[in-house]
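# A structural walkthrough
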Amino acid sequence: MAAARLLLAVFVGAALGVLASAGKMKIVEEPNTFGLNNPFLPQTNRLQPKMPPSAISGPVHLFRLAGKCFSFVESTYKYEFCPFHNVTQHEQTFRWNAYSGILGIWHEWEIDNNTFVGMWMREGDSCETKSRQTKVHLVCGKSNKLAYVSEPSTCVYSLTFETPLVCHPHSLLVYPTLTEALQRKWDEAEQSLYDQLITEQGYKKILKEIFEEAGLLKATEEKEAEKQNMKTSLQFETVDKCNKEYKKLSEEIKVLKDLLNQHNIAYKRSSAENTSVEHVNHKWATAETTVLNGSTNAERLHGDAGI
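Residues numbered from 1 in each chain as written. Predicted model: local features only at pLDDT ≥ 70, side-chain atom pairs only at ≥ 80, totals over all residues. Heavy atoms only, no water.

### Considering the state of the cysteines
Simply put, the disulfide is a covalent bond whose two ends are the sulfur atoms of two cysteines. If you walk through the whole model with that rule in mind, you get three disulfides. Note that Cys127 is cross-linked by a disulfide to Cys155, the S-S spacing being 1.5 Å. Note that Cys127 is positioned in strand β6 (residues 126–127) and Cys155 in the loop between β9 (145–153) and β10 (156–163), a separation of 28 residues in sequence. Considered together, Cys127 and Cys155 belong to a single accessibility category, that of buried residues. Taken in N- to C-terminal order, the disulfide-linked cysteines of the chain are connected 1-2, 3-5, 4-6. (Disulfide = S-S within 2.5 Å. Helix = DSSP H or I, 4+ residues; strand = E, 2+ residues; numbered from the N terminus. Buried < 20%, exposed > 50% of the residue type's maximum accessible area, 1.4 Å probe, protein only.)

And the structure:
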């Protein structure tokens, strides 16, 4: 009988201990997603990025944002932006399969008119046949905060991040962030464009190469495909190349015309046929005062964002 009472006391004590420990259970802030974000699982089982983020690049005064994260809650979703790292989304519900995922990993800048216009976060979680990606717009604000989130197209997100670090009119200029060597390369490209030694297409290609070398842009698979296509397509990057290709095509047309005449085959002449190769060359020779992208009276200023 004494043994039974002792066993009962042990059982009751154990039950009370379990209830006491249950009262101390902590509610996890972030919901899990099929166990992948469960804080009780090893760290290796949590959200896993497809690739590491790119190296920090761009305006030096923005580097202080690295290592920090900013949240924005909309409806039942919490968005978190970690500059130069990633963007994540967490469903704030108690459903067992609440969604948590990566909307993009820091990849590259978007550049337009010598200005950084956005940060691209790519290679996020899979979304049907593609990966989620996010463009982050940097706008002037009194404090650092994530102000707005939208999804303009399926699996492509848009974030607006406010910060006083971009309030100065020159704070997002690209040219000052480059090394002296790359700045000289840019200067030479502009001079070549001014002297009509390259076309606007050739000039933009050189700028893209400069930005890639500086680590501001990533060479994509599309670029590799473009290199393959260049072997079979015409690339008129210089005036001289344009003239050579035109002359070559004109000679081929002349051969075809001769064949038609030999066989007494009639063909319809177009008004464009009256323009000869010599006439086109003369036109280029007399157009020295015209710049391919505008007037020669205005010289491009690297410090001017064109706004």
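The discussion continues.
### Side note on the pattern of salt bridges
A side chain of one charge can pair with a side chain of the opposite charge if their charged atoms are brought near each other. Inspection of every chain in the model, using the stated rule, returns six salt bridges. One salt bridge connects Arg122 with Glu108, and the closest N-O pair in it is separated by 3.2 Å. Taken together, the residues span a long stretch of sequence, with Arg122 in strand β5 (residues 115–122) and Glu108 in strand β4 (residues 100–112) at a distance of 14 residues. The class of Glu108 is buried, set by a relative accessible area of 9%. (Salt bridge = Lys/Arg side-chain N within 4 Å of Asp/Glu carboxyl O.)

### A closer look at helix α3 (residues 200–213)
In a regular helix each residue adds 1.5 Å, so 14 residues correspond to 20 Å; α3 covers 20 Å between its end C-alpha atoms and thus fits that length. All of the buried residues along α3 are Gly202, Tyr203, Leu207, Ile210, Phe211 and Glu212. Count one or two residues on from α3 and you reach Gly215, which has phi positive near 80°. (Expected span 1.5 Å × (residues − 1).)

### Remarks on the pairing of β4
When you tally the buried positions in β4, you get eleven out of 13 residues, the bulk of the element. Two strands pair when backbone bridges link them, and β4 and β5 are joined in this way by seven bridges, in the antiparallel orientation. Looking at β5, one finds that Glu110 is bridged to Gly118. Hairpin connection of β4 to β5: two residues between the antiparallel strands, including Asn113 at a positive phi of 55°. (Pairing = 2+ DSSP bridges.)

### Comments concerning the confidence of the model for the chain
Confidence in the prediction of the chain, expressed as mean pLDDT, is 75, and 66% of residues score 70 or more. Ignoring residues within four places in sequence, the model shows residues 14–45, a span with pLDDT below 50, making 39 contacts including any to other chains. Here residues 274–301 is a poorly scored stretch, pLDDT under 50, and it has 33 contacts once near neighbours within four places are set aside; other chains count. (pLDDT = per-residue confidence, 0-100. Contact = heavy atoms within 4.5 Å.)

### Examining the packing of aromatic side chains
Applying the stated criterion across every chain, the model contains nine aromatic pairs. Seen in terms of ring centroids, Phe84 and Trp109 are 6.4 Å apart; in terms of plane orientation they differ by 65°. Their pairing is edge-to-face. Placement of Phe84 in the loop between β2 (77–82) and β3 (86–91) and of Trp109 in strand β4 is noted, with a sequence separation of 25 residues between them. Side by side, Phe84 and Trp109 carry an identical accessibility label, which is buried. On the basis of an interplanar angle of 75° and a centroid distance of 5.7 Å, the ring pair of Trp186 and Phe211 is categorised as edge-to-face. Pair noted here: Trp186 is in helix α2 (residues 180–194) and Phe211 is in helix α3, with a separation of 25 residues, a long-range link. Assessed through its relative accessible area of 0%, Trp186 is described here as buried. Grouping aromatic residues by their ring pairs yields a cluster made of Phe63, Phe84, Trp106, Trp109 and Phe116. The lysine or arginine in question, Arg122, covers the ring of Trp120, its NZ or CZ lying 4.4 Å from the ring centre. (Phe/Tyr/Trp six-rings, centres within 6.5 Å; stacked < 30°, edge-to-face > 60°. Lys NZ or Arg CZ within 6 Å of the ring centre and 35° of its normal.)

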